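Next come the chains, spelled out residue by residue.
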Amino acid sequence: MEQFIQAAVIGVSLGAQYALLALGFTLIFGILGVVNFAHGGFYMLGGYVAYSCVVQLGLPYPVGVVAAVAAAAALGWLFELFLLDRLIDDHLATLMLTLGLYLLLSSGLLSIYGPLSMEFTFPVTGSLRFGPIYVPRENLIVLAVCVLAIGALWLILFRTDLGRALRALADDRRVATAQGMRPKILFPAAFALATGLAGLTGALVTPILALSPSVGDPVLATSFLTVILGGLGSLGGAALAAFIVGLVEAFTSVYFGGSIGALVLFVLVLLLLVFRPTGLLGRQARGA
Amino acid sequence: MASSLIQRPRLLGGDEAGALILVAACFAVPILTRNILAYSVLNQALIGVIGAQSVWIMLRMNLLSFATPAFMALGGYTVAIAGEYNITDGFLMTAAAFLVPALVAVPLGALVLRLRGTYFVLVTFVLSQIMQLLLFETPRLTGGSNGIAGIPAATLFGVDMMSQRQVLFYTCGLALLATIVAVALTRYFRQHFASIEENEILAESLGLVVWRYKAMGFVVAAGLAGLAGYALVTMLLTAHPSSFDSVVAVDFIAYTIIGGRGSVLGPIIGSLLLVYATQMFGTQGQYAQGLYGALILVVITVARGGIVGSAAALLRRLRPGRRATA
Amino acid sequence: MKYTLALLSAATIAIAGLQPVAAADPCEIKVGAIGPMSGGGAQWGLAMQSATELAAAEVNAKGGLKLGDKMCKVTVVSYDSKYTADGAAAGANAFASQGIKIMIGPVGSPEATGIKPVAARNGQITWNAAYAKNSLDPKYPLAFHIAPGPATWADPMAKYVLKHFPNIKSVVLIAPNDQAGTDVASVDSQAYQNNGVKASEEYYQRGTTNFAPIITRILASNPDAVDTASSPPGDAGVIVKQLRLAGFKGVIGRMGGPGTEEILRVAGGTDVLQNFYWFETMAVTDQMRAIDDQFRKLLGKDPIGGTSMWGDLPAARMTLKAIEVAGTADDAEKVAAALRTLPVDDPNMGKGVWAGQKQYGINQELYFPFAVGIIKDGKQVGITRVDPNS
């Protein structure tokens, strides 16, 4: 029984990490129609910027996190504005562009920081104990940030003009532009919002796990899986799917072991997609 | 590509003829030179050509497939396992490498072809991951994480294809076969594929039985991927799971898109160029991936429609009098 | 007059003595360094490159390798094999096209598997550093092995560890589900069982970043020790961190490859590790540390790889010597034959033996005394040499 509860606890922590990543990914897809292959790269960038601020410059950790978000958002803004924007309608071209960016980012980080993992630990250590169940404090903080982020995104998208404009662009770009909304400013903003979120996740999660130039690869696979499961373009779907994926991964790994656990997860996602192609909460199947 | 309603349909378009000639011309390399580096690079490039064509066929129907490595693995391992029983006849193995993945693609296609767009992309990605896990979980059949090493060479008319030169000849043959298949399929069903690519729903409402052509495309693409797997395994003399990782799919997609998805010439040119570039960058060690990424960024930004597409556009602009060829 | 003559003669003799004996034809020997130089295994590939560069620089500082009556300079050409079988095979072919018959590397198990048949076909020597079950094979007489794998040292190491931690009665090994993981973990498992310890293996999907679920699974069976085998150091660091967070108080081990420093970094220090044992390819001495200084002196930059690079060095040095003994760098079989006659004795690494007959059927692996490191109750006990039994 304790194993069950422990697995559930771990599943929720995993879900929080995945949700933070999936939200950014689905935001970009929903509003711009871009599959961001570089998502893992922004995650790593956030981690490394935070690392540099904290370990190399001696700044306090929260400052490092803010710097990470700023750096990832800035890069995202510039990339969208100068490279993605002119090809925004060609989904395959944008996919390739983000792929190229990812290769550049990981190669660049490898050259600057080297291939080894960095010594970067989370400032809050230790776990809370409830009998045989343990909950690491760091996971609670990530969970809290995740809930705040979901709340903040919801607020931005549904309670501000900016958000309304972004949603309008996602729904029907021509009508929205005719109504006076300017994609030239809004698209980079949306992209920056999403990449900033990825940077935030990197700054938070890499000290909990590990920081090296290869930690970005699994991020893409997980984000992809989660976002499609939840339904492309649906924020609620992404968050829900993230927690489901986290829980499924936790339970299958605990009861079936790492390798079979992964197989079960993939087959489950495959079957779900076959019988419900728009994902859990997705709307129209958007072409790629 | 403009339709050929006005012109009399020719047997082969300019691009397709060009593609066949280009691939056939590759035979010149093992015939005329002895340079081992050329052999190695061309061999890898031709494997890329076959794989890229598999991706290209799917792209004709607006479907981006990441499942190429999974079907390659099916083709490659079939040959490797047959090799353990000393079955190495070239014709038999070529047929097997094409048919085994094609047959597996039939039920798989029934399952996944109802998805479109990015959902399809993900499902094919998941298929590649599942294949890797299956390879790992079946050590007695596939050697598990160690793979099957030391496969006997393919035999053509009783002659072992052992030396680098013979292996390259063999790969040239496989590449030519693949190109012929790709050209035949897309040429014969040009209009069907074109209408599916343009607007699938409209095509269906006009009476086209869309799923048949999608299935055909998927099955043939799987078969071609199997041939690529065969070529790879023959070059390495080993079937190893790391050769069929999902990142391999990214390479083939890159070749096709950068080469140009509009015509069969695209994946061929894309492969030849990028494999050569990778080889050149390979000696740069840690900067290789970054240079590759920069190349992708530059080509996509500057050369819309890929290299072939841009070249065609340039030609059209330079000769304003000519009609647009199909 | 006699004075001037004497002075002139002395000067002439002096100048003549300073000239090289024969005006050497500029001749160049190219040696290949191959391994992963990007991605997760980059440090090992770059270490291979550094080792080869140092060996070449040392030889060039003395004027080069003497082949016949020429002094030939040695240059190193690198290739990134990306930790895959086809990458390694492509590298072998790329080297063959430049006439390079001698390769130091590759590193990983898939690379070793991929390169052997192709190198055999091209007639090239390879020195793989993999811990694979098939690292050496009598079918491939030109393939050499840089250092022994667990097949050789797991058993003596298990005995040594049990002396320090006699309460270990059960162990769970955790490794990734690829060849590098399975080849090592399965051999380790056997070694533990041969010494009376119950052992089981848990494989995780490559790409896993969060090991909390697997750790929950492992801890359900209440093992006395958890062994990270050949998990990459980044992963192993996270595993250690999360094991301690989960409240595991037992011993953590690493019967696998190098990378303990990185693990310490990721995990957060010796008090997190508490009780830890690990395999070291060598007991580090000042003579070995001097290798890095030597590198900086001769090449003017920092070496990459630490103990990995030091471990690769004897192979590189011995191979260059073998080229000189064989009198050629173009005939791999002659160089291999010369190599087999050389004693295993390195100026920095000390004395070793040729090994491998029992495990692989062919004696082409360099076996220097390995070491085991122990951290007990949060304190470094030290790294001790373990003498091999065989």
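Residues numbered from 1 in each chain as written. Chains lettered and ligands numbered in written order. Predicted model: local features only at pLDDT ≥ 70, side-chain atom pairs only at ≥ 80, totals over all residues.

### Regarding the overall build of chain A
Of the regular secondary structure elements, chain A holds 11 helices and 2 strands. Ordered by position in the sequence, the α and β elements of chain A form the string α-α-α-α-β-β-α-α-α-α-α-α-α. By the compact-globule yardstick of 19 Å for 288 residues, chain A fits well, its C-alpha radius of gyration being 19 Å. Seen through its C-alpha atoms, chain A measures out along the principal axes to roughly 60 × 50 × 35 Å. Relative to its full complement of 288 residues, chain A shows a buried share of 58%. Partitioning the contacts of chain A with sequence separation of at least 6, the portion at a separation of at least 24 is 77%. (Helix = DSSP H or I, 4+ residues; strand = E, 2+ residues; numbered from the N terminus. Rg over C-alpha atoms; globule rule 2.2 N^0.38 Å. Buried ≥ 20, exposed ≤ 12 C-beta atoms within 10 Å, placed from the backbone. Contact = placed C-beta atoms within 7 Å.)

### Comments concerning the overall build of chain B
A tally of helices and strands in chain B yields 15 helices and 4 strands. The globule rule puts the C-alpha radius of gyration for 326 residues at 20 Å, and the 20 Å found for chain B is close to it. Along the first, second and third principal axes, the C-alpha atoms of chain B reach 60 × 45 × 45 Å. Taken across its 326 residues, chain B has 55% of its residues classed as buried. A sequence separation of at least 24 residues applies to 79% of the contacts in chain B between residues at least 6 apart.

### Focus on the environment of Thr270 of chain C
Residue and element names in this part refer to chain C. Mapped onto the elements of the fold, Thr270 is located in helix α10 (residues 270-273). Classification of Thr270 as partly exposed rests on a count of 15 C-beta atoms within 10 Å. Sequence spacing of Thr270 and Tyr131 is 139 residues, and the spatial spacing of their C-alpha atoms is 27 Å. In this structure Thr270 touches Leu264, Ile375, Gly378, Lys379 and Gln380, once residues within four positions along its chain are discounted.

### Brief notes about helix α13 (residues 332-341) of chain C
Since one α-helical turn is 3.6 residues long, residues separated by three or four positions face the same way. Every buried residue of α13 of chain C is accounted for by Ala332, Val335 and Leu339 of chain C. One side of α13 of chain C carries all its buried residues, which in axial view fall inside an arc of 65°. (Arc of directions from axis to C-beta.)

### Description of the interface of chain A and chain B
Across the boundary between the two partners, chain A contributes 35 residues, which contact 33 residues of chain B. Broken down by secondary-structure element, the contributors of at least two residues to the side of chain A that touches chain B are α4 (91-113), α9 (217-230) and α11 (258-275) of chain A. The leading source of residues in the side of chain A that touches chain B is α4 of chain A, at 15 residues. Residues that form the side of chain A that touches chain B fall into these classes: 27 nonpolar, 7 polar and 1 charged. (Nonpolar A, V, L, I, M, F, W, Y, C, P; charged D, E, K, R; others polar.)

### Some thoughts on the sheet that holds strand β10 (residues 251-254) of chain C
All names here are of chain C. Overall, mixed pairing links the 7 strands, which are arranged β8-β7-β9-β10-β11-β16-β17 in an open sheet. Edge positions in the open sheet fall to β8 (198-204) and β17 (379-386), since each of these has one partner strand only. Taking each pair of neighbouring strands and ignoring which way they run, the sheet shows an average axis angle of 20°. Relative to strand β11 (residues 276-280), β10 is paired through 3 bridges, and the arrangement is parallel. Bridging from a neighbouring strand, Arg254 pairs with Trp278 of β11. Most of the contacts of helix α6 (residues 179-194) go to strand β7 (residues 170-176), to which it runs at about 170°, and overall it touches β7, β8 and β9 (225-227). (Pairing = 2+ DSSP bridges. Axes fitted to C-alpha atoms, helices over the stretch in contact; angles between N-to-C directions.)

### Points about the confidence of the model for chain B
Chain-level pLDDT for chain B is 84 on average; 93% of the residues reach the 70-or-more range. Of all secondary-structure elements in chain B, the lowest mean pLDDT belongs to helix α14 (residues 288-302) of chain B, at 79, while helix α4 (residues 68-84) of chain B reaches the highest, 94. (pLDDT = per-residue confidence, 0-100.)

### Here's the deal with the sheet that holds strand β3 (residues 70-80) of chain C
Residues and elements named next belong to chain C. Overall, mixed pairing links the 4 strands, which are arranged β2-β3-β1-β4 in an open sheet. Each end of this open sheet is capped by a strand with a single partner; those strands are β2 (65-67) and β4 (103-104). When strand β1 (residues 27-35) meets β4, the two strands line up parallel, connected through 2 bridges. Its bridge partner being in β4, Ala33 is matched across the sheet by Ile104.

### Let's talk about the interface of chain C and chain A
On the chain A side, the residues contacting the 31 residues of chain C number 30 residues. Going through the elements one at a time, α2 (42-61), β8, α7 (212-220), α8 (233-245) and α9 (260-267) of chain C are the ones with two or more residues in the side of chain C that touches chain A. Broken down by element, the residue count for the side of chain C that touches chain A peaks at 6 residues, all from α7 of chain C. The residue makeup of the side of chain C that touches chain A, split by class, is 12 nonpolar, 15 polar and 4 charged.

### What to know about the pairing of strand β1 (residues 127-130) of chain A
In this structure, β1 of chain A lies alongside strand β2 (residues 133-136) of chain A, joined through 4 bridges in antiparallel fashion. Bridging from a neighbouring strand, Phe130 of chain A pairs with Ile133 of chain A of β2 of chain A.

### Section: the packing of helix α1 (residues 2-32) of chain A against helix α10 (residues 235-256) of chain A
Where α1 of chain A contacts α10 of chain A, the axes come no closer than 6 Å and their chain directions differ by 145°. For the pair α1 of chain A and α10 of chain A, the crossing hand works out as right-handed. (Left-handed = near helix turned anticlockwise from the far one by under 90°.)

### Observations regarding α7 of chain C
All names here are of chain C. Burial within α7 is extensive, with 8 of its 9 residues counted as buried. When α7 is considered as a whole, its buried residues turn out to be Ala212, Pro213, Ile214, Ile215, Thr216, Arg217, Ile218 and Leu219. Residue Asn222 follows α7 closely and has a positive phi angle near 50°.

### Structural notes on the nonpolar core
Grouped together as the largest cluster of nonpolar side chains are 338 residues, with contacts concentrated most on Ala19 of chain A together with Ile50 of chain B. Here the element with the most residues in this core is α1 of chain A; it accounts for 16 residues. In this structure, this core is formed jointly by two domains, domain 1 (27-147 + 284-351) and domain 2 (150-280 + 371-386) of chain C, each of which donates at least three residues. Residues in contact with Ala19 of chain A, not counting those within four places in the same chain, are Cys146, Ile150, Ala238, Ala239, Ala242 and Phe243 of chain A. (Core = buried A, V, L, I, M, F, W, Y, C linked by C-beta atoms within 7 Å. Domains from an automatic or database assignment.)

### A short note on the environment of Thr384 of chain C
All names here are of chain C. Relative to the helices and strands, Thr384 is located in strand β17. C-beta crowding within 10 Å serves as the criterion here: with 13 such atoms nearby, Thr384 is assigned to the partly exposed category. Thr384 sits 37 residues away from Pro347 along the chain, and the two C-alpha atoms are 20 Å apart. Apart from residues no more than four positions distant in its own chain, Thr384 is found in contact with Ala283, Ala371 and Val372.

### Comments concerning unusual backbone geometry
Residues and elements named next belong to chain C. Residue Pro106 is bonded to the preceding Gly105 through a cis peptide linkage, with omega at 0°. On the secondary structure map, Pro106 appears in the loop between β4 and α4 (109-122). One non-glycine residue, Tyr83, adopts positive backbone phi at about 65°. As for its position among the elements, Tyr83 is in the loop between β3 and α3 (85-97).

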